[in-house]
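Letter by letter, the chains look like this.
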Amino acid sequence: MIAFDDVTFAYPGGPALFDRLCAVFPKGRVSAVAGPNGAGKSTLLKLAAGLLLPSLGRCSVDAIPLGQATPLDRAKRVAYVPQNSLLPGDWPVKDIVALGDYPHREKPPAPRPIKQRLNEAREALGLQAIWERPAATLSGGEAQRVVLARALVQETPALLLDEAASHLDLRSQVMLHHLLGRLAGDGRSILLATHDVNFPRLWGFDLFILGRSGHLAPFPNKEEEQGALLEKVYHTPLIPTKLDGITCWFPDPGKGKHEAGIMNAE
Amino acid sequence: MTRREAVALSIGLLALIAGIACALLLGADLGGLSEASRARIIFGLRVPEALAAAGAGAALGLSGLLFQLSLRNNLADPYVMGVAGGSAFGSVSALLILGDGAAAVILPARALCAFVSGMATLSILRRAARGRVVALLLGGVIANTAFAAAARVLAALLSPGQIAQVTVFLLGYVPTPPVWEPSLLLACVAILGAWAVYKSRTLDLLLLADDEALALGADVDRVRSRAMAAGTLLAAAAVTLCGMIGFIGLLIPHAARALSGHRHRTLVPLSCLLGAALLLFAHSGAKALAPWVLLPVGAYTSLLGAPAFLWLMVRANKASMTVE
């Protein structure tokens, strides 16, 4: 369980991004947070990862507050995959993935033998073909899979992914979403930041919408409420389409052109 | 340890042994001398020189590795970044102000001044550059020039007789000190090298983005500042004994990475071994090449290092080190 208790946060010199935010992302579920650019999705994830500390309130994983934990203790509980990562170009993929074992190596015990975790991560993210290759030769999507594998090796109760599918091709996206569902099934808490308001619901994940005011709302069930919330948050006309019995929302190309003009004028 | 790492360390060790052999055997022909004077030349001159060259080379190699890692930039080293210049100025001013006292007091005092001055230079430059590596390196080069000029001015004001000595110091040379002086430097290398090997897994993580390393459990800020302080201390110690020997700190980590790969558990000892070997070879080469003038060895390392620096710069632009 990833919990935010009365979390207030502002970057130095900036306005408060979150004001007394309360939220719970339960164990055994994949939770996705969507919202417009600049609403603070990445900041929310960094707070949940303990990389940023709230000015008031606290973030915790399985009821253990991250603020007081040492970096190693924190890394044994939460794994974090950033939007962009920096991979040392001359390192082979297998050694980068193995870095996920760092917190367990520095502070035993390890959850399971490292060989087992490495093999599973390699299979799960389809890295067999690039396992020995240096990072400098990887494509964006391959690099993203390597960083995901590293987070799997970390084998933490909580997993945070910041737009983890942004560079992935369609097949890899499907692979990743299956994997996330399976990991949540094992009893982990998973939190994603995403731009897509449709795929989380198609995959049976929980969706939350983060508005510009730092307000986090669960995605409503009724179609009218969904449309109203999305248009209010994104300032863009959307049209609903039924897919598998789930209402998906897409930007309306006809009206969008007109509205985009208005947005530029703002 | 992988096979490649073992081979690399063996090469480093062999290079060091060869370097020591060169330093002890090369030089004026000792054939016609008596047993006693031969021993005096070998143990009184060549051994201390070899120890000084090995100590300074190892210190500079390790210092360069720690700076390249801390800044995630392969063009960094204590010389380029102005740390060596700062240290040299601190060391020379301590020497000029304290004068000819007991070496046991003067040398540690100079090393301390060198360290403080090097750290000050580093923190001012880092603050001014605000994360722009080009600005940092450019600032470092300018700082070196300014410090060299300041050291000469100070020498001219305080003791004009020492200007020649200061010039040699600024070029970098291998002295003939009492054995305890280079031993102190070697002890310094051993202690900081042991620390770096002990922390090598954490040092590996410094190559990642800060957020990623932090998320994996590394105390990034603390380890980075310690690595930089260690790098500065090593540079200050080397500079105090041997002056401003350029480019060893820049080149050695590249050679070490090419040989052993990327793990700091191997890169740390290998940089020490190769650095020591390189300066021993350069010192022996300088003696063999122009025995009649004994040009300071720093002149040779800079002649060799400057084109190598340019080559690395061109290559760094071609193949970016990181993937985003």
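Residues numbered from 1 in each chain as written. Chains lettered and ligands numbered in written order. Predicted model: local features only at pLDDT ≥ 70, side-chain atom pairs only at ≥ 80, totals over all residues. Heavy atoms only, no water.

Before going further, it helps to spend a moment on a nonpolar patch on the surface. A cluster of nonpolar side chains, namely Val 174, Leu 202, Trp 203 and Leu 243 of chain A, defines an oily patch on the protein surface of about 300 Å² accessible area. Residue Trp 203 of chain A is classed as partly exposed on the basis of its relative accessible area, which comes to 30%. (Patch = residues over 30% accessible without salt bridge, like charges linked within 9 Å, V, L, I, M, F, W, Y side chains within 5 Å. Areas by Shrake-Rupley, 256 points an atom, 1.4 Å probe, with all protein chains shown as cover. Salt bridge = Lys/Arg side-chain N within 4 Å of Asp/Glu carboxyl O. Buried < 20%, exposed > 50% of the residue type's maximum accessible area, 1.4 Å probe, protein only.)

Residues and elements named next belong to chain B. Scanning all chains against the criterion turns up zero disulfides over all chains. Between Cys 113, a cysteine without a disulfide, and Cys 188, which holds the nearest cysteine sulfur, the sulfur-to-sulfur distance is 16 Å. In this model Cys 242 remains outside any disulfide bridge; the closest cysteine sulfur is found in Cys 188, 13 Å from its own. For Cys 242, a relative accessible area of 0% puts it in the buried group. (Disulfide = S-S within 2.5 Å.)

For the rest of this paragraph, the subject is the domain arrangement of chain A. All names here are of chain A. With domains assigned, chain A is organised as domain 1 (2–219) and domain 2 (222–266). The C-alpha-based centres of domain 1 and domain 2 are spaced at 28 Å. Every contact between the two is made by 13 residues of domain 1 and, on the other side, 12 residues of domain 2. Both sides together, the interface formed by domain 1 and domain 2 hides about 1000 Å², and carbon and sulfur atoms give 69% of it. Among the residues domain 1 hides against domain 2, the three largest losses belong to Arg 201, Leu 202 and Phe 219. Together they make up 44% of the total. Our enumeration of links across domain 1 and domain 2 arrives at zero salt bridges. At the level of elements, helix H8 (199–202) and strand E10 (206–210) are the ones that each hand at least two residues to the side of domain 1 that touches domain 2. The residue inventory of the side of domain 1 that touches domain 2, partitioned by class, reads seven nonpolar, four polar and two charged. (Domains from an automatic or database assignment. Contact = heavy atoms within 4.5 Å. Buried area = accessible area lost by both parts, 1.4 Å probe. Helix = DSSP H or I, 4+ residues; strand = E, 2+ residues; numbered from the N terminus. Nonpolar A, V, L, I, M, F, W, Y, C, P; charged D, E, K, R; others polar.)

Residues and elements named next belong to chain A. Its 16 residues give helix H7 (residues 170–185) an end-to-end C-alpha distance of 23 Å, which sits within 8% of 22 Å, the value for a rise of 1.5 Å per residue. Those residues of H7 that sit buried are Ser 172, Leu 176, His 177, Leu 179, Leu 180, Leu 183 and Ala 184. The buried residues of H7 occupy an angular sector of 160° when the element is viewed end-on, so they sit on one face. Residues of H7 that are exposed and point more than 90 degrees away from the buried face comprise Leu 170, Arg 171, Arg 182 and Gly 185. (Expected span 1.5 Å × (residues − 1). Arc of directions from axis to C-beta.)

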